[in-house]
Amino acid sequence: MLTFAVRRRDPELVTPAAPTPHETKLLSDHDTLRFHVPNAFFYRGGRRHQDDNDPAAVIRRALGEALVPYYPLAGRLREVEARKLVVDCTAEGVLFVEADADVRLAELEAAAGGLAPPIPCMDQLLFDVEGSSGILNCPMLLIQVTRLLCGGFVFALRLNHAICDATGIGQFISAVAELARDLPSPTVAPAWSRELLEARSPPRPSFAHREYDPAPPPLPAPLGNMVSRSFTFTRADIAAIKAALPTDLRDKTTAFEALAAAVWRAHTAALDFPADDELRLVFVANFRRVRELGLPAGYYGNACVLVMAVTTAGALRAGSLARAVELVREAKAALTVEYVRSTADFLLLRGRPSLAMAANLLLLSDTRHAGFRRVDFGWGEPVYGGSVHMQPGVSVINAVRNGDGEDELVVPLMMPRPAMDLFASEIEMLVKGGSVSN
């Protein structure tokens, strides 16, 4: 097991580098995710073109500059009537920690079997500063920049999800990176426009939104024997999965749809649910491209809804991969302007509930298009950039580029060890031209 020492300086608050408006800004009725999410970016380092070669100093300076146009991120969340969230734009700043670790990037790669979740000692590379993890009245970002012995570094970030989704925080990090490279201003100007996603008055949900149904009692499971692992899918692997589909379906199935169906079936087979158990595949659908909503370029709030495919364990195992793909495609087709409006109305009427996690639910979040892979602070693109979140029943799909420059998808999972071994066997059989077992 890899161990190393990390020396951290005292946390500091980085504030906007210039005066910003002191005002209160309403969050939208889609900004309801009251939890923190961690991301990390790993860099090989070396010399950059500019004079300053200290990543902590460069990023700290650029962070203050980026917080000028993105000044709400330097404020604090408050709760008002009916659990509505607002940002008090106080310019108090975001938390920043500078650190040094007695480890080389190659050692982290070797310990992780390639840089992908779970990352060894991630709690040391993104240290939980005491009193920083609340949703209200706390910094919305915690950032740690850790220099490594080899000259590389780790940029790790924890985000209050109520203020941004993956695309939004990717936009902000990219702005910091551009300013770190001495661009005069971010390429994409931030847009607030949260009023465009308010619930209707009066609210009138037109869908059942069963993804928010109360969770059934948890099944007895060997939670003490949980393991985490990431599965990497190359373009050839995705092509092999699609090869199991009829030609007419194969041609219109996206990489995500094929992968989601394959992972859902393998996950079901591995956990061996009773045949009549209802299974739910929930995935996060980005609605920025729904034109009727009128979201401007640069919108960095939460612009996602949950959509769900439902079937029984027996039907999913006995049915074909093609049927699973069709279920995924049908769920995706629900993403319309009316569905987005209905979700906001539903969340308001129900007191803004959270998704109820349960043993029969698998949640997939696709961050391939959040821009994480291309974040360049001046030392080149990251070896790995994206989510380091691990939780049973949740998988955040990341895009990576391997050592040969080829694009791959990383799917992290946490399951009981016997189930993880079965899942690996199911996936291996599928990508080698077999099929997920019944």
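On a predicted model such as this, the values are computed, not experimentally measured, just so you know. The residue numbering used here restarts from 1 in each chain and proceeds along that chain's sequence as written. In keeping with the predicted nature of the model, local features appear solely for residues at pLDDT of at least 70, side-chain atom pairs appear and are counted solely at 80 or more, and the whole-chain, interface and lining totals rest on all residues. Computation of side-chain values covers all heavy atoms of the structure but excludes hydrogens and water.

> I'm lost on the layout of surface pockets in this one. Help?
One way to see where empty space is left: roll a probe the size of a water molecule over the atoms. Grid spacing is 1 Å over the protein atoms alone, the probe is 1.4 Å, and a cavity is where that probe fits but cannot get out, while a pocket is an open set with protein on both sides within 12 Å along at least five of seven lines and lining residues have an atom within 4 Å of a point. Grid points are joined across faces, edges and corners, and a volume is the space filled by probe spheres set on the points. Reported here for the largest pocket is a volume of approximately 1,500 Å³. Looking at the largest pocket, it is lined by 49 residues, and the ones nearest its centre are Val 284, Ala 285, Cys 304, Ser 365 and Asp 366. Segments assigned H or I by DSSP are reported as helices when at least four residues long, segments assigned E as strands when at least two residues long, and all are numbered from the N terminus. Looking at the lining of the largest pocket, the elements that each hand over two or more residues are strand E4 (36-43), helix H4 (166-180), strand E11 (278-286), strand E12 (304-312), helix H10 (337-349), strand E13 (361-366) and strand E15 (394-401).

> For this particular structure, what's the right way to read the packing of aromatic side chains?
Each aromatic ring pair is specified by the distance between its two centres and by the angle formed by the two planes. Two aromatic rings, drawn from Phe, Tyr or Trp (for Trp, its six-membered ring), form a pair once their centres lie within 6.5 Å of each other, and the interplanar angle then sorts them: stacked below 30 degrees, edge-to-face above 60, tilted otherwise. Here the structure, examined in full by the defined rule, presents 13 aromatic pairs. Where Phe 41 meets Phe 372, the ring centres are 5.7 Å apart and the plane angle is 80°; that geometry is what we call edge-to-face. On the criterion of sequence distance, the pair formed by Phe 41 in strand E4 and Phe 372 in the loop between E13 and strand E14 (384-387) is long-range, its members being 331 residues apart. One exposure class covers both Phe 41 and Phe 372, and it is buried. Ring plane angle 50° and centroid distance 4.9 Å describe the contact between Phe 155 and Phe 377, whose orientation is recorded as tilted. Taken as a pair, Phe 155 in strand E9 (residues 153-160) and Phe 377 in the loop between E13 and E14 lie far apart in primary sequence, 222 residues in all. When accessible area is computed with a 1.4 Å probe and restricted to protein chains, residues below 20% of their type maximum are described as buried, those above 50% as exposed, and intermediate ones as partly exposed.

> Help me understand helix H9 (residues 321-332), please; the structure alone is not making it clear to me.
Since the α-helix packs 3.6 residues into each turn, any two residues three or four apart lie on the same face. For H9, built from twelve residues, the straight-helix expectation of 16 Å at 1.5 Å per residue is met to within 8% by its first-to-last C-alpha distance of 17 Å. Within the span of H9, buried status applies to Leu 321, Ala 322, Ala 324, Val 325, Leu 327, Val 328 and Ala 331. Helix span, expected: 1.5 Å multiplied by one less than the number of residues in the helix.

> Looking at this structure, how should I read the confidence of the model for the protein?
A low pLDDT score tells you not to read the predicted coordinates there in detail. Values of pLDDT, ranging from 0 to 100, describe the predictor's confidence in every residue of the model. Per-residue pLDDT for the protein averages 91, and the proportion of residues at 70 or more is 95%. The contact definition used throughout considers only heavy atoms, calling two residues in contact when any of these lie within 4.5 Å. When the criterion is pLDDT under 50, residues 434-438 qualifies, and its contacts beyond four places in sequence or with other chains add up to 15 contacts.

> Is there a simple way to explain the sheet that holds E15 in this structure?
The pairing of strands in a sheet happens through backbone hydrogen bonds and is either parallel or antiparallel. Think of it this way: DSSP has to see at least two bridges between two strands before they count as a pair. Taking strand neighbours across the sheet as the criterion, the six strands line up as E10-E16-E15-E13-E11-E12 in an open arrangement whose pairing is mixed. Unpaired on one side and paired on the other, strand E10 (226-234) and E12 mark the two borders of the sheet. Adjacent strand axes in the sheet meet at a mean angle of 25° when their direction is disregarded. Of the strand pairs in this sheet, E11 and E12 are connected by nine bridges, and their pairing is antiparallel. Across the sheet, the residue bridging to Ala 285 is Val 305, located in E12. Think of each axis as a best-fit line through the C-alpha atoms, taken over the contacting stretch in the case of a helix, with angles from 0 to 180 degrees between the N-to-C directions. Sitting on the sheet, helix H5 (residues 235-243) is in contact with E10 and strand E16 (407-416), with an inclination near 90° to E10.

> What am I meant to see in the pattern of salt bridges here?
Where charged atoms from two side chains of opposite charge come close, those side chains can pair. One speaks of a salt bridge when a side-chain nitrogen belonging to Lys or Arg is within 4 Å of a carboxyl oxygen belonging to Asp or Glu. Applying the stated criterion to the full structure yields 38 salt bridges. The salt bridge partner of Arg 147 is Glu 98, with a shortest N-O separation of 2.8 Å. Here Glu 98 lies in strand E7 (residues 94-101) and Arg 147 lies in strand E8 (residues 141-147), a separation of 49 residues in the sequence. Judged by relative accessible area, Arg 147 falls into the buried class, the value being 17%. You can call Glu 98 buried: its relative accessible area is 6%. When the shortest N-O distance is used, the salt bridge between Arg 158 and Asp 128 registers 2.9 Å. With Arg 158 in strand E9 and Asp 128 in the loop between helix H3 (122-125) and E8, this residue pair connects regions lying 30 residues apart in the sequence. What makes Arg 158 buried here is its relative accessible area of 11%. Salt bridges sharing partners connect three or more residues here, namely Arg 9, Glu 12, Asp 54, Arg 60, Glu 98, Asp 100 and Arg 147.

> I keep staring at unusual backbone geometry and nothing clicks. Help me out?
A negative phi angle is the norm for most residues apart from glycine, just as the trans form is the norm for most peptide bonds. The amide bond that connects Pro 117 to the next residue, Pro 118, takes the cis arrangement and shows omega of 0°. Turning to its location among the elements, Pro 118 is positioned in the loop between helix H2 (105-112) and H3. For the peptide bond that leads from Ser 201 to Pro 202, omega is 0°, which places it in the cis range. Turning to its location among the elements, Pro 202 is positioned in the loop between H4 and E10. At Asp 182, a position not held by glycine, the phi torsion is positive, near 70°. Structurally, Asp 182 can be placed in the loop between H4 and E10. You can call Asp 182 partly exposed: its relative accessible area is 46%.

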